[in-house]
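Here are the chains, one letter per residue:
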Amino acid sequence: MKVAIIGAGNVGTALATSIARAGHDVIITSHDPEGAASAATTSGARVAPSNADAAAEADVVIPAVSFEDVAAVASEIAEAAAGKPVIDVTNRIGFGADGPEIDTSSSNAEALATLLPKSSIVKAFNTLFASKQVDPVTDGVQLDGFVAGDDPSAKAKVLDLVRSIGLRPIDVGPLVRARQLEGLAFLNMALNIVNGGSWQSGWKLVAAPETETPATTSR
C-alpha cells in the first residue's frame, strides 16, 4: 500500500515510522522541507515535492497536521485525493473554567468530509498518542485501533492498515462515531494534563464483540 503522510511533526513522523516498518511505501511531505527530510530519514519514508504530488501517488492519504491547518491542506489535495481514503487523525481540546473541555456536537472528521467531498473520510489513529502510534503496546497489552467511516471499501483498507502496524483493529461504525472517538482521545489527554501523566496511556476494549473482518488489501 502507498501511504501519503502530510505533516512531519510528532504524529506524522510516528505514523510514517510504524507504517513503513509494516512494509508499506510511505511518502511524506511538509511545509518545512528540512522537517520532511528529517522525518523521512527517521522513519524510512521518502519525500514528495508537494502535498498534491504525495496524494496523487498514494492509495491512502493521512493529513497529519493540526486541525487548524487541515482546510489549507484539503484545498491542496482535493483533486489528487478524489476517490481515495483520507484518514483524519486530528483531535480537539479546549479549556474552560473547570479545565479541559470538548465540543461533542460534531467532529473534526465530519468537518473534513465537507472539505473533501470527493474523498472517503475515515477516522483512525486519533485515540493513540504519538508514542503509541510508533509502539502500539502499553504495559504488555496490545492497544486498539478504532476506525469509523461511511465507505465500506475505504474503511476495510484502513482497518488493514491499522492491523498491519500492530494494533487490534475495531470497526466502530459510520463516520458519525468519530465524535465518540474524539471524545476518547480527549479523555486520555485530559487525564494526562490534569494529573501530570507520562502520555503513555492507551485504550483497550476488553471482550469487544467481533466485527466483520475486512478483505485483506495488497501493500
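Quick notes on the rules
Residues numbered from 1 in each chain as written. Predicted model: local features only at pLDDT ≥ 70, side-chain atom pairs only at ≥ 80, totals over all residues. Heavy atoms only, no water. Core = buried A, V, L, I, M, F, W, Y, C linked by side-chain atoms within 4.5 Å. Buried < 20%, exposed > 50% of the residue type's maximum accessible area, 1.4 Å probe, protein only. Helix = DSSP H or I, 4+ residues; strand = E, 2+ residues; numbered from the N terminus. Contact = heavy atoms within 4.5 Å. pLDDT = per-residue confidence, 0-100. Phe/Tyr/Trp six-rings, centres within 6.5 Å; stacked < 30°, edge-to-face > 60°. Polar contact = N/O pair within 3.5 Å; in protein donor to acceptor, adjacent residues only side chain to side chain.

Draft legend 1. Quick look at the nonpolar core. Counting 31 residues, the largest nonpolar core has Ile5, Ile19, Ile62, Ile87 and Phe125 as its most contacted members. Elements supplying a minimum of two residues to this core: β1 (2-6), α1 (10-21), β2 (25-29), α2 (33-43), β4 (60-63) and α7 (152-164). Here the element with the most residues in this core is α7; it accounts for 5 residues. The residues touching isoleucine 19, leaving out its near neighbours within four places in the chain, are Val3, Ile5, His24, Val26, Ile62, Leu161 and Ile165.

Draft legend 2. Structural view of the confidence of the model for the protein chain. For the protein chain, the average pLDDT comes to 94, and 96% of its residues sit at 70 or higher. Contacts from residues 214-219, a stretch scored under 50 in pLDDT, to residues over four places away or in other chains number 15 contacts.

Draft legend 3. Representation of the packing of aromatic side chains in the model. Inspection of every chain in the model, using the stated rule, returns 1 aromatic pair. Ring geometry for phenylalanine 129 and tryptophan 199: centres 4.9 Å apart, planes at 55°, overall tilted. With phenylalanine 129 in the loop between β8 (120-123) and α6 (130-134) and tryptophan 199 in the segment after α8 (178-195), this pair connects stretches of sequence that are 70 residues apart. Residue classification places phenylalanine 129 among the buried positions, given a relative accessible area of 12%.

Draft legend 4. Region of interest: helix α5 (residues 108-115). Three or more residues of α5 are buried, namely Asn108, Ala109, Glu110 and Leu112. Its buried side turned inward, α5 meets α4 (70-77), β5 (85-88), β8 and α8.

Draft legend 5. Broad picture of the side chain of threonine 138. Tracing the backbone shows threonine 138 in strand β9 (residues 137-138). A polar side-chain atom of threonine 138 sits 3.0 Å from the main-chain carbonyl oxygen of glutamine 200. If sequence neighbours within four positions are ignored, threonine 138 has contacts with Lys132, Leu143 and Gln200.

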